[in-house]
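# Structural overview for review
What follows is the residue order along each chain.
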Amino acid sequence: MNVLHFITSFFTDGAHWSGYDGIPTRLLEHLQYSLEALGLAALIGLPVGLVTGHYGKGGNTLTLIATAARALPTFGLLVLIVIIAGFGMLPVMIPLVVLAVPPILVTTYEAVRSVDRSPVDAARGIGMSETRILLQAELPVALPLILGGLRSAAIQIVSTATIAAYVGLGGLGRYIVDGLYQHDYEKVVGGATLVAAMALTTLGIFWALGRVAVSPGVRRAG
Amino acid sequence: MNRFFDIPSDLQHDWIGLVGLHLREALLPVLGGLLLALPIAQLCVRLRWLYPPVLWVTTVLYAIPSLAFFVVLIDYTGQTELTVMIPLTVYTLVVLVPAIVDGVRSVPQETLAAATAMGFGPVRRYVQVQLPIATPAIVAGLRVATVSSISLVSVGMLIGNQGALGNLLHDAQIYNRPELAWNSVLTTAALAVLVDALLVGVRVLLTPWMPSGSGATRTRKEATAR
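Residues numbered from 1 in each chain as written. Chains lettered and ligands numbered in written order. Predicted model: local features only at pLDDT ≥ 70, side-chain atom pairs only at ≥ 80, totals over all residues.

## Things to note about the overall build of chain A
Secondary structure summary: chain A contains ten helices and zero strands in total. Shown N-terminal to C-terminal, the secondary structure of chain A runs as helices and strands in the order α-α-α-α-α-α-α-α-α-α. If one aligns the C-alpha atoms of chain A with their principal axes, the spans along those axes are about 65 × 40 × 30 Å. A buried classification covers 44% of the 222 residues belonging to chain A. For chain A, restricting intrachain contacts to residue pairs at least 6 apart in sequence, the fraction spanning at least 24 positions comes to 72%. (Helix = DSSP H or I, 4+ residues; strand = E, 2+ residues; numbered from the N terminus. Buried ≥ 20, exposed ≤ 12 C-beta atoms within 10 Å, placed from the backbone. Contact = placed C-beta atoms within 7 Å.)

The following block contains the structure:
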């Protein structure tokens, strides 16, 4: 099985483990791009999704925005922004954020909107303000679904952040793009393995996050 | 603007040709993915323990960057459309399998019992009762899969002009013609929106018993919460 052979020779080659093109450096760069993009996307998607979901209005507008954002081709956007604005972090961040906002936004909206009405009415009945209802009654119940939206956004970002390498930045995509042009399949396969491993780790982190953050009662009911 | 549709001859297609090519490279994988996902999802519905590991496998496959997937496949299938379409097929599974499983599982127990009481066998019950009721959830999955497939075809440009409309991105760079990149992005986005709207229409046609207004955007999560 030559793919497995590529993987072993990539990871046992000492040259891949140090320096500016070493695995630790590229992993950290990839992690940095991914976290920045996820943070930006969450900063946009979470508040908008929470508030619209709480009032149950604007669903059609949100769906429209999400559909439009999904329709924009990530790779095309990258090349287009490089042509317009030149190289840098901007051409990478915009496509990644555009990619990650729709799942976060739509899931958060649906999660908050579909929370069972009776506890929400009870919260309103005991005199909670709208903000407290949202944060203390709806958010905890909606949290598992919201985390699910963040998780699929995170996995898409980790996998897609490889495009940064196409415009001369670092990250794990370096191995894939360099390997493509150098006809070095070992590098390509090694880079892909690292990205897949990082995505799996992301899954694991979100699973753990769900264990810690979701209240035991909600978890049992789900 | 007058050079917007003036496609360089090295792409060997005019604009309409690229659009057709793009649709073929994006939609065949979704069709293939659906044909694969239906039996896989049915297995997951039958054997509950199988569902979580299947989800993990589809997620890991989905996490493999498309470019790396293409490059590895070149060894087997060469620099062809097939090399682009195989990964796209695999990627659709991560959306389609859960959509179908959740959709089929959301069919109420009474409905199934009624079908059995009317003498429906398992196959007939699946085709005439479970699938139609799961249609909104399945179409919701198909919409996400199709739109992302249309977007991903462009990456095929990197393995030697197999990216249909994405190939315009390469020509935009080497010929210094930004309008070609605009053309690529705008046409791809327009295709995605059009096909998405078409799928909504298909759902309305397939499920005449459901309201076609704002309720049409109901997602599978909500459908299963009911």
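## Description of the UniProt feature "domain: ABC transmembrane type-1" (unreviewed entry) in chain B
Residues annotated by UniProt as "domain: ABC transmembrane type-1" (unreviewed entry) correspond here to residues 19–204 of chain B. Secondary structure content for residues 19–204 of chain B is 82% helix and 0% strand, and the end C-alpha separation is 26 Å. (UniProt positions renumbered as here; feature names shortened; annotations may be inferred.)

## Description of the interface of chain B and chain A
At the interface, 35 residues of chain B touch 37 residues of chain A. When residues of the side of chain B that touches chain A are traced back to their parent elements, those giving at least two are α2 (51–63), α3 (66–77), α6 (122–152), α7 (167–174), α8 (178–206) and α9 (220–225) of chain B. No other element matches α8 of chain B, which puts ten residues into the side of chain B that touches chain A. In terms of residue class, the side of chain B that touches chain A is made up of 21 nonpolar, eleven polar and three charged. (Nonpolar A, V, L, I, M, F, W, Y, C, P; charged D, E, K, R; others polar.)

## As for the UniProt feature "domain: ABC transmembrane type-1" (unreviewed entry) in chain A
In the numbering used here, UniProt assigns the "domain: ABC transmembrane type-1" (unreviewed entry) feature to residues 27–206 of chain A. Along residues 27–206 of chain A the backbone is 83% helical and 0% strand, and the end-to-end C-alpha distance reaches 19 Å.

## A few points about helix α3 (residues 59–71) of chain A
Taking 1.5 Å per residue, 13 residues should reach 18 Å; α3 of chain A reaches 18 Å between its end C-alpha atoms and fits that length. Its buried side turned inward, α3 of chain A meets α2 (23–55) and α5 (90–113) of chain A together with α6 and α8 of chain B. (Expected span 1.5 Å × (residues − 1).)

## Describing the packing of helix α9 (residues 185–213) of chain A against α2 of chain B
At their nearest, the axes of α9 of chain A and α2 of chain B sit 8 Å apart, and the two run at 135° to each other. As the angle between them shows, α9 of chain A and α2 of chain B are arranged oblique. Every pair of crossing elements has a handedness; the one defined by α9 of chain A and α2 of chain B is right-handed. For the pair α9 of chain A and α2 of chain B, the contacting residues are V195, A196, A199, L200 and L203 of chain A in the first and T59, V60 and A63 of chain B in the second. Split into classes, the residues belonging to the contact of α9 of chain A with α2 of chain B amount to seven nonpolar, one polar and no charged. (Axes fitted to C-alpha atoms, helices over the stretch in contact; angles between N-to-C directions. Parallel < 35°, antiparallel > 145°, perpendicular 65-115°, else oblique. Left-handed = near helix turned anticlockwise from the far one by under 90°.)

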